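# Structural overview for review
Chain by chain, the residues:
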Amino acid sequence: MNPPTEAAEPISGSEILIRSLIAEGVDTMFGYPGGAIMPVFDALYDHKDEIRHVLVRHEQGAVHAAQGYARVSDKVGVALVTSGPGATNAITGITDAMMDSTPLVVISGQVISSLLGTDAFQEADVIGVTQPITKWVYQIRRVEDIAWAVSRAFYIAASGRPGPVVLDIAKDAQVNKCVYNYQKTTFLRSYQPVPEVEEDEIRKAAGLINSAKKPLALVGQGVLLGKAEEELRSFLEKADIPFASTILGLSAMPTDHHLNMGMLGMHGNVAPNMKTNECDVLIAIGMRFDDRVTGNLKTYAKQAKVIHFDIDLAEINKNVKTAVRVVGDAKQTLPMVTRLLDKQSHSEWLSEFKPYEQKEYDCIIKNELYPESGEIKMGEVVNKITEATHHSAVCVTDVGQHQMISTRYFKFTQSRSIVTSGGLGTMGFGLPAGIGAKYGAPDRTICIFVGDGGLQMTIQEFGTIMEYGVDVKIILLNNNYLGMVRQWQELFFDERYSETHLKNPDFIKIADAYNIRGRKVSKREELDDAIDEMLEHQGAYLLEVVVETKGMVYPMVPAGGTVTNIMLGNGYTL
């Protein structure tokens, strides 16, 4: 039951903070205590039935867990850390959330206000450090400002283009008292989260699409953030528009939808990358034309008229010049355009994707998913797991080769099923994000794909899994290398493998020390049984698969190259 939004008797700032969080609907948060935030943890002691705190093993893990929670639950993730090193340890996760538009409220303790600026014990300039990597940051020095700041923080984090907010609370504000009065924020005069829709641009967009012979849509995470999946489906199906997705946009539409041409970008599918430079109208929906999608901007889609749907005006014309800008929330703007569209059929255009799809299957996919001999491949592991889960699991990844393989070959049937570090590419993201995802979607199977490098960056979160019995399935694709860096060294640095080989520990023994059941597989004939055992086990499980030592992720568009200059590997060419 939510507490009252007013209290007649003065209460402590820490109590006000906890009550304000509950008033915002927070039921779970992730954190780590310390001296400057101790009064808040003391107040939390009396609210264990109303708000669950998950004690992580490192502050970076707290923020990544909050990210995973937010991604799958459509709620604001919350992290709670102490001052100084506690706050600075959270910086990587905050930056990651900013890059990937993840709504977070990160609360840090701070030294008492009279000591600010004196280099007091465990003091850090949290405001100065986090201002460039947040939507809003505010230092609370007075108890009277806590409820006010929390209300604004949640509104700013979740509205418009979402992102992280940091509240830095001085210790004296936590212990001083005032009367509690909470008012939910629904409007800020200086902040317009959703720009006004421009009716002329809606008509221009519909006109361009109606006249297009070869339209192509690019689907980004903005569709999921705006809860516009059904609106997107209606839009695409009415005009018969093929589409491809960014990594973060992958689960907005089912993988097997007949208009789905796959994934965009450096390691995306051949057909949509090639057709980007052949389409006559390019329709970007909730994506920001990241360099990993576009390659060399000087040669990107120069023949196409570009329509850009986005809620953030700063993204319009930032990287790619647009012919029509459709600003606003996709859930509102997509139907407005759809109503003006003619019912279309682009069967001839759609058929042009088929030869590229067949070429990619013959040259790459067939051998990656169904090898007849040799070392186990990452792709076949991912494929077997997505099939064993009936394509209904949440795919969480760390960063590296396994990330690209997982996003290429995992299949999706429902929205909010991909949790990965897209913009920042944070190694160590996967394990804590998967823990958070399980709390955000407790009824879903959480499959965390990690590499041997990234896992060891946040492996201490095995302790969190042990303490709370978090039921996550961890798939370690172990090649004893920093695989993605090694791939670049092979292709672009004359096979000079500088500091990429890893001498690894016995991961199964480490998991066992944390009471996590595990199994190591190095033979192909054992793989199916091991996957079944993992999925049937009630509780956390580490499946370590020894994969191809020097495997490569193809296709590949070299960094800064033309999006149609695609490497197929193994001597194959387009």
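Sequence order sets the numbering: in each chain, residues are counted from 1 along the sequence as written. In view of the model being predicted, local features appear only for residues whose pLDDT reaches at least 70, and side-chain atom pairs are presented and counted only at 80 or more, with totals across whole chains, interfaces and linings using the full set of residues. Each side-chain value is worked out from all heavy atoms of the structure, with water and hydrogens disregarded.

## Things to note about the domain arrangement of the protein chain
Selection criterion: Domain start and stop points were drawn from an automatic or database domain assignment. Note on definitions: a residue-residue contact is assigned when non-hydrogen atoms from the two residues lie within 4.5 Å. The term buried area denotes the loss of accessible surface (1.4 Å probe radius) that occurs when two parts are joined, taken as the sum for both partners.
Here the domain parsing of the protein chain yields domain 1 (6–181), domain 2 (199–351) and domain 3 (376–546). Averaged C-alpha coordinates put domain 1 and domain 3 at centres separated by 30 Å. Across the boundary between the two partners, domain 1 contributes 26 residues, which contact 27 residues of domain 3. Here domain 1 meets domain 3 over a buried area of about 2,100 Å², counting both sides, of which 61% is carbon and sulfur.

## Regarding the packing of aromatic side chains
Heads up, the rule is: When the centres of two rings from Phe, Tyr and Trp lie within 6.5 Å, Trp using its six-membered ring, the rings pair. Their planes under 30 degrees apart give stacked, over 60 give edge-to-face, and anything left gives tilted. Labels follow the DSSP assignment, with helices taken as runs of H or I lasting at least four residues and strands as runs of E lasting at least two, numbered in each case from the N terminus. Each residue gets one of three labels from its accessible area relative to the maximum for its type: buried under 20%, exposed over 50%, partly exposed in between, using a 1.4 Å probe on protein chains only. Think of it as a cone above the ring: NZ of Lys or CZ of Arg counts as a charge over the ring if it is within 6 Å of the ring centre and within 35 degrees of the ring normal.
Applying the stated criterion across every chain, the model contains 15 aromatic pairs. With 6.2 Å between their ring centres and 65° between their planes, Tyr481 and Tyr497 make a pair best called edge-to-face. Residue Tyr481 is found in the loop between strand E18 (473–478) and helix H22 (483–492), and its partner Tyr497 is found in the loop between H22 and helix H23 (507–513); the two are separated by 16 residues along the sequence. Judged by its relative accessible area of 10%, Tyr481 falls in the buried class. By relative accessible area, which is 24% here, Tyr497 ends up partly exposed. Among the aromatic residues, ring-to-ring pairing joins Phe30, Tyr69 and Tyr439 into one connected group. Positioned above the aromatic ring of Tyr481 is the side chain of Arg486, whose terminal nitrogen or guanidinium carbon lies 5.8 Å from the ring centre.

## Section: the pairing of strand E7 (residues 164–170)
Under the convention used in this document: Here the rule is simple: two strands pair whenever DSSP picks up at least two bridges between them. The path from the first strand over the helix to the second decides the hand: if it runs clockwise while the strands point away from the viewer, the crossover is right-handed.
Most of E7 sits out of view: seven of its seven residues are buried. Neither face of E7 is exposed, since Pro164, Val166, Asp168 and Ala170 on one face and Val165, Leu167 and Ile169 on the opposite face are all buried. Examined bridge by bridge, strand E5 (residues 104–110) and E7 share seven bridges and lie parallel to one another. For Gln110, the partnering residue across the bridge sits in E7 and is Ala170. Sheet topology places strand E6 (residues 136–140) next to E7; five bridges connect them, and they run parallel. By the bridge assignment for E7, Tyr138 is matched with Leu167. Following the backbone out of E6, through helix H7 (residues 146–158) and into the adjacent parallel E7, one traces a crossover that is right-handed.

## A closer look at the nonpolar core
Heads up, the rule is: We call a set of buried Ala, Val, Leu, Ile, Met, Phe, Trp, Tyr and Cys residues a nonpolar core when their side-chain atoms join them within 4.5 Å.
In terms of nonpolar packing, the biggest core is built from 53 residues, with Phe235, Leu282, Ile283 and Ile307 touching the most fellow members. Excluding anything up to four places from it in sequence, Ile283 contacts Ile209, Pro215, Leu216, Ala217, Leu218, Phe235, Ile241, Ile307 and Phe309. Among the nonpolar cores identified, the runner-up in size contains 48 residues, and Val63, Ala79, Ile459 and Ala511 belong to it.

## As for the packing of helix H16 (residues 354–369) against helix H18 (residues 401–409)
Between two packed helices, both the angle of their axes relative to each other and the distance between the axes serve to describe the pair. Rules: Orientation is described by lines fitted to C-alpha atoms, with helices fitted over the stretch in contact, and by angles between N-to-C directions that extend from 0 to 180 degrees. Between 65 and 115 degrees an angle is taken as roughly perpendicular, under 35 as roughly parallel, over 145 as roughly antiparallel, and anywhere else as oblique. We call Asp, Glu, Lys and Arg charged. Ala, Val, Leu, Ile, Met, Phe, Trp, Tyr, Cys and Pro are nonpolar, and the rest, Gly among them, are polar.
Viewed as axis vectors pointing N to C, H16 and H18 meet at an angle of 110°, and their least axial separation amounts to 13 Å. Accordingly, the angle class assigned to the pair H16 and H18 is roughly perpendicular. Judged by residue contacts, Glu360, Ile364, Ile365, Glu368 and Leu369 of H16 engage Ile405, Arg408 and Tyr409 from H18. Considered class by class, the residues forming the contact of H16 with H18 number five nonpolar, no polar and three charged.

## Structural notes on the environment of Ser113
What counts, and what does not: Side-chain atoms alone can form a polar contact between residues adjacent in sequence; in general such a contact is a pair of N or O atoms within 3.5 Å, and within protein one must be able to donate a hydrogen while the other accepts it.
Within the fold, Ser113 resides in the loop between E5 and helix H6 (126–130). What Ser113 contacts, discounting residues up to four positions off in sequence, is Arg141, Ala170 and Asp172. Here Asp172 takes part through its side chain, which lies 2.5 Å from a polar atom of the side chain of Ser113.

## Here's the deal with the packing of helix H3 (residues 59–73) against helix H19 (residues 430–440)
Selection rule: Here a crossing is taken to be left-handed if its near helix is turned anticlockwise relative to the far helix by less than a right angle, and right-handed if that turn runs clockwise.
Contact pair H3 / H19: the axes reach a minimum separation of 6 Å and the direction vectors enclose 40°. Between H3 and H19, the angle falls in the class oblique. Here the hand of the crossing between H3 and H19 comes out right-handed. Of the residues in H19, those touching H3 at Gly61, His64, Ala65, Gly68, Tyr69, Val72 and Ser73 are Pro432, Ala433, Gly436, Ala437, Tyr439 and Gly440.

## Examining the sheet that holds strand E20 (residues 541–546)
If you trace the six strands from one edge of the open sheet to the other, you get E16-E15-E17-E18-E20-E19, paired in parallel fashion. Strand pairing shows two members of the sheet lacking a second neighbour, strand E16 (418–419) and strand E19 (517–521), which therefore form its edges. Here helix H17 (residues 378–388) sits on the sheet in contact with strand E17 (446–451), E18 and E20, set at roughly 165° to E18.

## Focus: the environment of Gln344
Here Gln344 lies in the loop between helix H14 (330–338) and helix H15 (347–351). For the pair Gln344 and Lys213, spaced 131 residues apart in sequence, the C-alpha separation works out to 9.8 Å. Those residues in contact with Gln344 that lie beyond four places of it in its chain are Ile209, Asn210, Lys238, Ala239 and Asp240.

## Considering unusual backbone geometry
The omega angle of the peptide bond from Tyr554 to Pro555 is 0°, so this bond is cis rather than trans. Tracing the backbone shows Pro555 in the segment after E20. Positive phi, normally seen in glycine, also occurs at Lys227, with a value near 55°. With respect to the helices, strands and loops of the structure, Lys227 is situated in the loop between helix H10 (222–225) and helix H11 (229–239). On the basis of relative accessible area, Lys227 is assigned to the partly exposed category, the value being 42%. Phi at Glu499 takes a positive value of approximately 60°, unusual for a residue other than glycine. Summarising the element assignment, Glu499 is placed in the loop between H22 and H23.

## Quick look at helix H1 (residues 13–23)
Across the eleven residues that make up H1, a large majority, ten, are buried. Within the sequence span of H1, burial applies to Gly13, Ser14, Glu15, Ile16, Leu17, Ile18, Arg19, Ser20, Leu21 and Ile22. Taken from the residues just after H1, Gly25 is the one with a positive phi, measuring 85°.

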